[in-house]
Amino acid sequence: LTNAISALNSTFLPPNARAGVLDAALRLINEGANAAYVCHWKRGYPALHIACMGTDPAPVRMLLENGADLLLNHACGENPRAQEEIPRTPLMLADSASIWNVLLKARADPNHHVFTHENKQMHTLTFAARENQLEKVRALLMAGADPCRDGGGAFYWARKNSGAEADEILSLLERHTR
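Residues numbered from 1 in each chain as written. Predicted model: local features only at pLDDT ≥ 70, side-chain atom pairs only at ≥ 80, totals over all residues. Heavy atoms only, no water.

A.B. asks: An account of the packing of aromatic side chains is needed here, citing residue identities and associated values.
C.D. replies: One pass over the full model with this rule turns up 1 aromatic pair. Pairing Tyr156 with Trp157 gives two aromatic rings, centres 5.0 Å apart and planes at 80°, and the pair type is edge-to-face. Residue Trp157 is classed as partly exposed on the basis of its relative accessible area, which comes to 21%. (Phe/Tyr/Trp six-rings, centres within 6.5 Å; stacked < 30°, edge-to-face > 60°. Buried < 20%, exposed > 50% of the residue type's maximum accessible area, 1.4 Å probe, protein only.)

Written out as structure tokens, the structure reads:
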């Protein structure tokens, strides 16, 4: 299942083959594959996390409809090779606005925390501000993320980063605290 989902993210997969791969993944689930399975050789990522790293919301939607765990962090301590990475939820991994919308409609918590590899909690909004992801910050705020969580960590990163996107992130955060 994780191989099929991973193939959907490949830029080498011809567009006409995408539907067949998605159908094959659904067939695997219908035949008993666990949509929430953590694939240890894929760096500890469940299939949903792999799907969220792509740009197509269809595999994300299909996995959520078939039992994928929306709040599962990858690298939960079970995969030694993944220990140095930041455990991330699907919402933190997604870079595509269409995927954020699917996750937020599926009730992903915009105020969810994960633990970093330093065992510090980080709010999803703080992470997006740290990474200077303007569109993700906008989507999270629209879904109800609290900019004052983490002691204002999102503000800290918006001020620390530079450029037009960081300035816009800071402006958005300020507007959502009033």
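That covers the picture; the talk isn't over yet.
A.B. asks: Describe the confidence of the model for the chain, listing the residues and the values that go with them.
C.D. replies: Per-residue confidence for the chain gives a mean pLDDT of 83; residues scoring 70 or more make up 84%. The lowest-confidence element of the chain is strand β3 (residues 113-115), averaging 66 in pLDDT; the highest-confidence one is helix α10 (residues 164-175), averaging 96. Between residues 76-84, whose pLDDT stays under 50, and residues either more than four places distant or in other chains, the model counts 12 contacts. (pLDDT = per-residue confidence, 0-100. Helix = DSSP H or I, 4+ residues; strand = E, 2+ residues; numbered from the N terminus. Contact = heavy atoms within 4.5 Å.)

A.B. asks: Give me the lowdown on the packing of helix α9 (residues 153-160) against α10, citing residues and values where you can.
C.D. replies: It is the contact of α9 with α10, at a shortest axis distance of 8 Å, that shows an interaxial angle of 150°. As summarised for this structure, α9 and α10 are arranged roughly antiparallel, according to the angle between their axes. In the packing of α9 onto α10, the handedness of the crossing is left-handed. Here Ala154, Phe155, Ala158 and Arg159 of α9 come into contact with α10, specifically with Ala166, Ile169, Leu170, Leu173 and Glu174. (Axes fitted to C-alpha atoms, helices over the stretch in contact; angles between N-to-C directions. Parallel < 35°, antiparallel > 145°, perpendicular 65-115°, else oblique. Left-handed = near helix turned anticlockwise from the far one by under 90°.)

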